[in-house]
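What follows is the residue order along each chain.
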Amino acid sequence: MRFARAVNVADLRLAARRRLPRAVFDYIDGGADAEWTLRENSRAFDDVMFRPRSAVATKSCDLRTTVLGDSIELPFFLAPVGSCRMFYPRGEEVAARAAGEAGTIYTLSTLSGCAVRDVKAATRGPLWYQLYVIGGRDVALAAIERAKNCGCSALVVTIDTPVAGMRERDLRNGVKELVSGAPFTMFPYLFQFLARPRWLAAYLRDGGLMKFPNIVLNDGPMPYADVGAALEQAMVCWDDFKWIREAWQGPIVAKGVHTADDARRAIDHGAAAVVVSNHGGRQLDGVAATLRVLPEVIAAVNGQVEVLLDSGIRRGSDVVKALCLGARAVLIGRAYAYGLGAAGGAGVTRAIDILRADIVRTMKLLGCSSVRDLDRSFVDAPSEWLR
Ligand SMILES: Cc1cc2nc3c(=O)[nH]c(=O)nc-3n(C[C@H](O)[C@H](O)[C@H](O)COP(=O)(O)O)c2cc1C
């Protein structure tokens, strides 16, 4: 499947699988444990049915919205995805450029291969920065300062990662061994890279195994190492929101809210928005699909902060369903990561174009001309979700 002929995100996934070595593709594609939540995230969209209004002339559709004061052309934007530079040379920069050209936000992960200032220079759209407290508080404070100085407009604090989830595919593919740097340990797993010469040549031209330029330790940027071990030292708790807020002094987004209680806690600790997210099924397997808990969070928040959602979005109709159930906008993760892995910036643009066209078509079929007019009257959702 060539990416340019991709009709939907599933086609982009196949194109990424063809270009990427197995360890890299599975890092994007996989989830935690039995991958139940990963599957459930997407399946839950099937539980919501549309209630269209026929014979409504919707010649054009307005997809514009605002999120924390940033005006965007689309009701979706790009989620933080770590290690994009492994998927494609200068991965974070090319993805951010594609987002900016489409008029939407790019969120840069702490665990990126490109420096925040370079990513900011690459995009004409808004840039958000996602924070992991890897390396300790002083290292995080320096990162916050850099993000602030180069004009990031919101800080996303990920709260669902006290340890990395159990990604069985990564274990099987030898990810830990591959980043160990020890030739004998790495050797049995190296052949998967030889099977993808096009990717390998591009990866080596881009400098090979990347460092993390946004995590600056005493002796320089953190080398690519066991990310799981690093995350275990980087646990964030609600008390940390105090010093993060004081340092950032701008809007803070709590990413990884699963329940009404945590949404209220996020508000109490000064968040300006929450992302209903289970990390795309990569952390605690067995948690409910995010779409299912969205109504409970919307009710708890009661308009006090903006509510965003991610996890499982693969079609424009998924975006529309989430907006109907009250999300202000959604974040896409794998949907663009597949495009990036398949064809760099052009692949990300293809993913965005597919979703945009889907949304416009879905809204015309629904008889709704603006994303701001989407509400629960356009869908039927299981009654137990809405209780
Ligand atoms: C390969 C990959 C890497 C990710 N890295 C991060 C990260 O560094 N920080 C973070 O907060 N979330 C990270 N996420 C989670 C995404 O931000 C987002 O929550 C998730 O991808 C949404 O689910 P979806 O992929 O089904 O759209 C990552 C997701 C993927 C697929």
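No experiment lies behind these values; they were computed from the predicted model shown.

Undergrad: Even after reading the chapter, I still don't get helix α3 (residues 36-43), so can you show me in this structure?
TA: Every α-helix winds through 3.6 residues per turn, so residues three or four apart in the chain are directed the same way. Taken together, the buried positions of α3 are Thr37, Leu38, Glu40 and Asn41. On its buried face, α3 sits against α2 (22-29), α16 (290-301) and α18 (334-366).

Undergrad: Quick question: what am I supposed to make of a positive patch on the surface here?
TA: Together, Arg2, Arg5, Arg18 and Arg198 make up a region of like positive charge exposed at the surface. Relative to the elements of secondary structure, Arg2 occurs in the segment before α1 (9-19).

Undergrad: Looking at this model, I keep getting lost on the nonpolar core. Mind explaining?
TA: Generally speaking, nonpolar side chains in soluble globular proteins are found buried as a group. Ranked by size, the top nonpolar core spans 120 residues in total, and within it Tyr106 and Leu374 carry the most contacts. Tallying contributions element by element places α18 first for this core, with 15 residues. The contacts of Tyr106, once residues within four sequence positions are left out, are Leu78, Cys84, Glu92, Ala95, Ala96, Ala99, Val119, Pro126, Leu127, Trp128 and Tyr336. Listed in part, the 15 residues of the second largest apolar core include Ile72, Ala79, Ile105 and Val156.

Undergrad: Looking at this structure, I do not really get the pairing of strand β6 (residues 127-131). What am I missing?
TA: On a regular strand, one side chain projects to one face of the sheet and the next to the other, so that they alternate. The buried count for β6 comes to five of five residues, which makes it a mostly enclosed element. In the classification by handedness, the crossover that spans strand β5 (residues 106-108), the intervening helix α6 (residues 116-122) and the parallel β6 is right-handed. Examined bridge by bridge, β6 and strand β7 (residues 154-158) share four bridges and lie parallel to one another. Bridge pairing in β7 places Trp128 opposite Ala154. Once the chain exits β6 it traverses helix α7 (residues 137-149) before rejoining the sheet at β7, and the crossover so formed is right-handed.

Undergrad: Help me out: how do you make sense of the site of the ligand in this one?
TA: Around the ligand sit 21 residues in total, of which Pro80, Ser109, Thr158, Asp310 and Gly312 are the nearest. Contact between the ligand and Tyr132: a nitrogen atom at 3.1 Å from a side-chain N or O atom of the residue. Backbone polar atom of Arg334 to an oxygen atom of the ligand: 2.8 Å apart, as the coordinates give it. For the ligand, whose free accessible area comes to 600 Å², the fraction covered by protein is 98%. Within the shell around the ligand, the residues separate by chemical class into six nonpolar, ten polar and five charged.

Undergrad: Even after reading the chapter, I still don't get the environment of Val257, so can you show me in this structure?
TA: Position of Val257 relative to the elements: it lies in strand β10 (residues 252-257). Val257 has contacts with Ile159, Asp262, Ala263, Val274, Val275, Val276, Ser277 and Val297, leaving out every residue within four places of it along the chain.

Undergrad: Could you clarify how one ought to interpret the packing of aromatic side chains in this entry?
TA: Two aromatic rings, taken as a pair, are described by how far apart their centres are and by the angle between their planes. For the structure on display, the rule yields nine aromatic pairs. Both rings, one in Tyr27 and one in Phe87, keep their centres 6.2 Å apart while their planes meet at 55 degrees; by these two values the pair is tilted. In this pair, Tyr27 sits in helix α2 while Phe87 sits in helix α4 (residues 84-87), placing the two residues 60 residues apart along the sequence. By relative accessible area, which is 24% here, Tyr27 ends up partly exposed. On the basis of relative accessibility, which here comes to 0%, the residue Phe87 falls in the buried class. Between the aromatic rings of Tyr106 and Tyr336, the centroid separation amounts to 6.4 Å while the plane-to-plane angle is 75 degrees, which identifies the pairing as edge-to-face. With Tyr106 in strand β5 and Tyr336 in helix α18, this pair connects stretches of sequence that are 230 residues apart. Here Tyr106 matches Tyr336 in class, with each residue buried. Every member of this aromatic cluster is reached through a ring pair, and the members are Phe193, Trp199 and Tyr203. Lys321 extends its terminal NZ or CZ atom over the ring of Phe50, reaching a point 5.2 Å from the ring centre.

Undergrad: Would you take a moment to explain the side chain of Thr161 for this structure?
TA: Take Thr161: it is sitting in the loop between β7 and α8 (168-172). If we ignore the near neighbours within four places in the chain, the residues touching Thr161 are Tyr132, Leu231, His279 and Gln283.

Undergrad: Could you clarify how one ought to interpret the pattern of salt bridges in this entry?
TA: Opposite charge on two side chains permits them to pair, given that their charged atoms come into close proximity. Counted under the stated rule, the structure contains 21 salt bridges. Across the pair Arg117 and Asp118 runs a salt bridge, and its minimum N-O distance is 3.9 Å. Assessed through its relative accessible area of 29%, Asp118 is described here as partly exposed. The shortest N-O distance in the salt bridge between Asp262 and Arg265 comes to 2.7 Å. You can see Asp262 and its partner Arg265 sitting in helix α15 (residues 260-268), three residues apart, about one turn around the helix. The class for Arg265 is partly exposed, based on a relative accessible area of 36%. The network of salt bridges with shared partners includes Arg13, Asp26, Asp29, Glu35 and Arg169.

Undergrad: Looking at this structure, how should I read the packing of helix α5 (residues 91-101) against α18?
TA: The angle between the axes and the distance between the axes are what describe a pair of packed helices. Two elements in contact, α5 and α18, have axes separated by 8 Å at closest approach and are oriented at 15 degrees. One way to sum up the angle between α5 and α18 is to call them roughly parallel. Crossing angle aside, the handedness with which α5 passes α18 is left-handed. Of the residues in α18, those in contact with Gly91, Val94, Ala95, Ala98 and Ala99 of α5 are Tyr336, Leu340, Gly344, Gly345, Val348, Thr349 and Ile352. Its residues placed into classes, the contact of α5 with α18 shows eight nonpolar, four polar and no charged.

Undergrad: Can you walk me through the pairing of strand β12 (residues 306-309) in this structure?
TA: What you see with β12 is no split at all: Glu306 and Leu308 on one side and Val307 and Leu309 on the other are buried throughout. One ladder, built from four bridges, connects strand β11 (residues 273-276) with β12; its direction is parallel. Its bridge partner lying in β12, Ala273 is registered against Glu306. Of the crossover connections in this fold, the one passing from β11 over α16 to the parallel β12 is right-handed. Relative to strand β13 (residues 329-332), β12 runs parallel, the two sharing two bridges. When the bridges of β13 are listed, Leu309 appears paired with Val330. Once the chain exits β12 it traverses helix α17 (residues 316-324) before rejoining the sheet at β13, and the crossover so formed is right-handed.

So, how was this worked out
- Residues numbered from 1 in each chain as written.
- Predicted model: local features only at pLDDT ≥ 70, side-chain atom pairs only at ≥ 80, totals over all residues.
- Heavy atoms only, no water.
- Buried < 20%, exposed > 50% of the residue type's maximum accessible area, 1.4 Å probe, protein only.
- Helix = DSSP H or I, 4+ residues; strand = E, 2+ residues; numbered from the N terminus.
- Contact = heavy atoms within 4.5 Å.
- Patch = residues over 30% accessible without salt bridge, like charges linked within 9 Å, V, L, I, M, F, W, Y side chains within 5 Å.
- Areas by Shrake-Rupley, 256 points an atom, 1.4 Å probe, with all protein chains shown as cover.
- Salt bridge = Lys/Arg side-chain N within 4 Å of Asp/Glu carboxyl O.
- Lys, Arg positive; Asp, Glu negative; His and termini not counted.
- Charge placed at Lys NZ, Arg CZ, Asp CG, Glu CD.
- Core = buried A, V, L, I, M, F, W, Y, C linked by side-chain atoms within 4.5 Å.
- Right-handed = clockwise from strand over helix to strand, strands pointing away.
- Pairing = 2+ DSSP bridges.
- Near = heavy atom within 4 Å.
- Polar contact = N/O pair within 3.5 Å; in protein donor to acceptor, adjacent residues only side chain to side chain.
- Nonpolar A, V, L, I, M, F, W, Y, C, P; charged D, E, K, R; others polar.
- Phe/Tyr/Trp six-rings, centres within 6.5 Å; stacked < 30°, edge-to-face > 60°.
- Lys NZ or Arg CZ within 6 Å of the ring centre and 35° of its normal.
- Axes fitted to C-alpha atoms, helices over the stretch in contact; angles between N-to-C directions.
- Parallel < 35°, antiparallel > 145°, perpendicular 65-115°, else oblique.
- Left-handed = near helix turned anticlockwise from the far one by under 90°.

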